[in-house]
Amino acid sequence: MYHYIVYRVIGYISLVVGLCATACIFKLENMFYAIALAIFGFILSVLNIYWNTKYYQEREKWPMGYLGMFFSSIPV
């Protein structure tokens, strides 16, 4: 049960961080923050996808980490 809660929380955090990184690209002054958030979002997304593969592959086919990785890759 503990793994599932952490898995869900990391998925939502990676999605929010990816959206924040995408929102930071609209001003040139915020590109440093966008890249920093994108790196953090990639790390959280990879963790989420790894935990999905290790524990919950039968339950969910598309973890939140994929969306988080997509939104984190936009600033890069």
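Residues numbered from 1 in each chain as written. Predicted model: local features only at pLDDT ≥ 70, side-chain atom pairs only at ≥ 80, totals over all residues. Heavy atoms only, no water.

## Regarding a nonpolar patch on the surface
- Where nonpolar side chains cluster on the molecular surface, the patch consists of Met1, Ile5, Val9, Ile13 and Phe40 and spans about 510 Å² of accessible area.
- Take the nonpolar patch: its biggest share by element is three residues, from helix H1 (residues 2-23).
- Its location among the elements puts Met1 in the segment before H1.
- On the basis of relative accessible area, Met1 is assigned to the exposed category, the value being 75%. (Patch = residues over 30% accessible without salt bridge, like charges linked within 9 Å, V, L, I, M, F, W, Y side chains within 5 Å. Areas by Shrake-Rupley, 256 points an atom, 1.4 Å probe, with all protein chains shown as cover. Salt bridge = Lys/Arg side-chain N within 4 Å of Asp/Glu carboxyl O. Helix = DSSP H or I, 4+ residues; strand = E, 2+ residues; numbered from the N terminus. Buried < 20%, exposed > 50% of the residue type's maximum accessible area, 1.4 Å probe, protein only.)

## Remarks on the environment of Trp51
- Along the chain, Trp51 falls in helix H2 (residues 31-54).
- For the pair Trp51 and Gly65, spaced 14 residues apart in sequence, the C-alpha to C-alpha distance is 9.9 Å.
- Setting aside anything within four residues of it in sequence, one finds Trp51 in contact with His3, Val6, Tyr7 and Tyr56. (Contact = heavy atoms within 4.5 Å.)

## Observations concerning H2
- The end-to-end C-alpha separation of H2 is 34 Å, in line with the 34 Å expected for 24 residues at 1.5 Å each.
- Within H2, burial applies to Ala34, Ala38, Gly41, Leu44, Ser45, Asn48, Ile49, Trp51 and Asn52.
- Taken together, the buried residues of H2 touch H1 and helix H3 (64-73). (Expected span 1.5 Å × (residues − 1).)

## Here we look at the environment of Ser45
- In this structure, Ser45 sits in helix H2.
- Overall, the relative accessible area of 0% leaves Ser45 in the buried class.
- In sequence terms Ser45 and Val17 are 28 residues apart; their C-alpha atoms lie 9.7 Å from each other.
- Excluding anything up to four places from it in sequence, Ser45 contacts Ser14, Gly65, Gly68 and Met69.
- Only 3.2 Å separates the side chain of Ser45 from the backbone nitrogen of Met69, close enough to count as a polar contact. (Polar contact = N/O pair within 3.5 Å; in protein donor to acceptor, adjacent residues only side chain to side chain.)

## A closer look at the packing of H1 against H3
- Running from N to C, H1 and H3 cross one another at 15°; their axes reach a closest spacing of 7 Å. When the axis of H1 is compared with that of H3, the two are roughly parallel. As H1 packs across H3, the resulting crossing turns out to be left-handed. Contacts between H1 and H3 pair Gly11, Tyr12, Ser14, Leu15, Gly18, Leu19 and Thr22 from the former with Met64, Gly65, Leu67, Gly68, Phe71 and Ser72 from the latter. (Axes fitted to C-alpha atoms, helices over the stretch in contact; angles between N-to-C directions. Parallel < 35°, antiparallel > 145°, perpendicular 65-115°, else oblique. Left-handed = near helix turned anticlockwise from the far one by under 90°.)

Interpretation note: all reported values are geometric properties and have no functional meaning in isolation.
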